[in-house]
Amino acid sequence: MTKVEKYLRGAFHAWDFLIDFPLPESVRGRFGGRVDSTTVLAGFPLVGLAVGLLLALAAVFCSAVFKPVAGSIIFAILAVVFLDLKDSARGIGLLTSAFLVRRNGIHLSEALPRLTGDWERIGNPLASVFVSLLELGKTALLFTLAFNGAKLWIVVILVGAFVVQGMLATEPDRESGVPILAVPQENRRVCWWTAGIIGLFALLFFPFGVLAAALVVYFCATGFAGYFRRNFGGVTPDFITLAGTLTELFLLVIGVLSVSMSN
């Protein structure tokens, strides 16, 4: 097995952790073989790179076929739909649940283990208002990026969010104490190295934005990990999903600020 095939297999397994859309059976048969957990961890930013490039290409296509405004609107809607549905809307559901908890005056650290991404269990009319405003805001920010020629920033968003999720997956599980992705401590830096190589290319397009994004991703990964360890003794799949969703939002805002400052 070549190194290229090895990392493709790692990315394939990382896809199963991150994205609910099933890959074609032909791809599953080709790259579904066994691979070590360190290579799977390296696959997290690679999945972000691959999906981000596809979305950026879709943005370029929309801008070429339609007028700039229409093309940017179409891209923004497609990107929002993907960001929400890649985890079957669990991330946005958990964020909505957190908003409702805080509105009721409950401290988030007390309520976090009870947050749900199940929309049938949320069942609060205010949830629709919150989600509508949030989706409009995300669409407006993504439109701003596309319209100002920063379509590739979607790569930074996905790579950064997936790195945070990958690093949190190596933390002990809250219940069992066994990490979801058991990677030796000394090998965990492979995720940072992989993301760093991708970031070097992104620096050519967004020199200041990528540096700011790198700091945000680092502090999100280490900050969330420390918070979950101190308060809950480890992570859960929902904790990881929520952290990834928040990182996406942070990076989206940073992208727009970076574009605004450069114009």
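Since the structure is predicted, the reported quantities are computational estimates derived from the model, not experimental observations.

J.: Break down the overall build of the protein for me, with residues and values.
T.: Looking only at helices and strands, the protein features 12 helices and zero strands. Helices and strands appear in the protein in the N-to-C order α-α-α-α-α-α-α-α-α-α-α-α. Scaling as 2.2 N^0.38, a compact globule of 263 residues should have a C-alpha radius of gyration of about 18 Å, and the protein matches this with 18 Å. With respect to the three principal axes, the spread of C-alpha positions in the protein is 55 × 55 × 35 Å. Relative to its full complement of 263 residues, the protein shows a buried share of 49%.

J.: Any chance you could break down the packing of aromatic side chains for me, citing the residues and the numbers?
T.: Going through the model one piece at a time under the given rule, you end up with 13 aromatic pairs. Plain terms: the ring middles of Phe 224 and Phe 228 are 5.9 Å apart, the flat faces sit at 15° to each other, and that makes the pair stacked. Remark: Phe 228 and Phe 224 occur in helix H11 (residues 207-232); sequence separation between them is four residues, near one turn of the helix. Assessed through its relative accessible area of 17%, Phe 224 is described here as buried. Here the aromatic rings of Phe 232 and Phe 239 are separated by 5.1 Å at their centres, their planes lie at 50°, and the arrangement is tilted. Phe 239 carries the same exposure label as Phe 232, and that label is buried.

J.: Tell me about the side chain of Thr 236, and name the residues and values.
T.: Tracing the chain through its elements places Thr 236 in the loop between H11 and helix H12 (237-262). Since its relative accessible area comes to 18%, Thr 236 is described here as buried. In this view, Thr 236 contacts Asp 173 and Arg 174; residues no more than four positions away in its chain are not counted.

J.: Give me the packing of helix H4 (residues 68-85) against helix H8 (residues 125-147): which residues, what numbers.
T.: Contact pair H4 / H8: the axes reach a minimum separation of 8 Å and the direction vectors enclose 130°. The angle between the axes of H4 and H8 places the two elements in the oblique class. Judged by the twist between their axes, the crossing of H4 over H8 is right-handed. The segment H4 lies against H8, with Pro 68, Val 69, Ser 72, Ile 73, Phe 75, Ala 76, Ile 77, Ala 79, Val 80, Leu 83 and Asp 84 engaging Glu 135, Lys 138, Thr 139, Leu 142, Phe 143, Ala 146 and Phe 147. Residues of the contact of H4 with H8, tallied by class, amount to 13 nonpolar, two polar and three charged.

J.: Now, about the pattern of salt bridges: what can you tell me, with residues and values included?
T.: This model, assessed by the stated rule, comprises seven salt bridges. Two residues, Lys 138 and Glu 135, come together in a salt bridge whose shortest N-O distance is 3.3 Å. Of the two residues, Lys 138 and Glu 135 both sit in helix H8, three residues apart, roughly one turn of that helix. Its relative accessible area of 6% is what places Lys 138 among the buried residues. Linked by salt bridges that have partners in common, Asp 84, Glu 135 and Lys 138 make up one network.

J.: Explain the nonpolar core to me, and be specific about the residues and the numbers.
T.: If you look at the biggest cluster of nonpolar residues, it comprises 81 residues, and the most contacted ones within it are Val 47, Leu 142, Trp 153 and Ile 154. Sort the elements by how many residues they give to this core and helix H9 (residues 153-169) lands first, with 14 residues. When residues no more than four places from it in sequence are discounted, the contact partners of Trp 153 are Leu 145, Phe 206, Gly 209, Val 210, Ala 213, Leu 251, Leu 252, Ile 254 and Gly 255.

J.: Mind laying out helix H1 (residues 3-18), listing which residues take part and the relevant values?
T.: Across its 16 residues, H1 extends 22 Å between first and last C-alpha, which sits within 8% of the 22 Å expected from 1.5 Å per residue. Among all positions in H1, only Glu 5, Arg 9, Gly 10, Ala 11, Phe 12, Ala 14, Trp 15 and Leu 18 are buried.

J.: Break down helix H3 (residues 37-65) for me, citing the residues and quoting the values.
T.: Compared with an ideal rise of 1.5 Å per residue, which puts 29 residues at 42 Å, H3 spans 42 Å between its outermost C-alpha atoms and is within 8% of the ideal. Where H3 bends most, at Phe 44, the angle is about 30°, and the proline Pro 45 comes one to four residues later. By the N-cap criterion, in which a side-chain oxygen at the helix start approaches the backbone nitrogen of a residue two or three places on, H3 is capped by Asp 36, the distance to Thr 38 being 3.2 Å.

J.: Run through unusual backbone geometry, naming residues and quoting values.
T.: Backbone geometry places Ser 88, a non-glycine residue, at a positive phi of 55°. Even without being glycine, Ala 89 reaches a positive phi, approximately 65°. Turning to its location among the elements, Ala 89 is positioned in the loop between H4 and helix H5 (90-103). Since its relative accessible area comes to 14%, Ala 89 is described here as buried.

Reading guide: rules and limits
- Residues numbered from 1 in each chain as written.
- Predicted model: local features only at pLDDT ≥ 70, side-chain atom pairs only at ≥ 80, totals over all residues.
- Heavy atoms only, no water.
- Helix = DSSP H or I, 4+ residues; strand = E, 2+ residues; numbered from the N terminus.
- Rg over C-alpha atoms; globule rule 2.2 N^0.38 Å.
- Buried < 20%, exposed > 50% of the residue type's maximum accessible area, 1.4 Å probe, protein only.
- Phe/Tyr/Trp six-rings, centres within 6.5 Å; stacked < 30°, edge-to-face > 60°.
- Contact = heavy atoms within 4.5 Å.
- Axes fitted to C-alpha atoms, helices over the stretch in contact; angles between N-to-C directions.
- Parallel < 35°, antiparallel > 145°, perpendicular 65-115°, else oblique.
- Left-handed = near helix turned anticlockwise from the far one by under 90°.
- Nonpolar A, V, L, I, M, F, W, Y, C, P; charged D, E, K, R; others polar.
- Salt bridge = Lys/Arg side-chain N within 4 Å of Asp/Glu carboxyl O.
- Core = buried A, V, L, I, M, F, W, Y, C linked by side-chain atoms within 4.5 Å.
- Expected span 1.5 Å × (residues − 1).
- Bend = angle between axes of the 7 residues up to and from the residue.
- Polar contact = N/O pair within 3.5 Å; in protein donor to acceptor, adjacent residues only side chain to side chain.

Any link to function would need more than the numbers given here.
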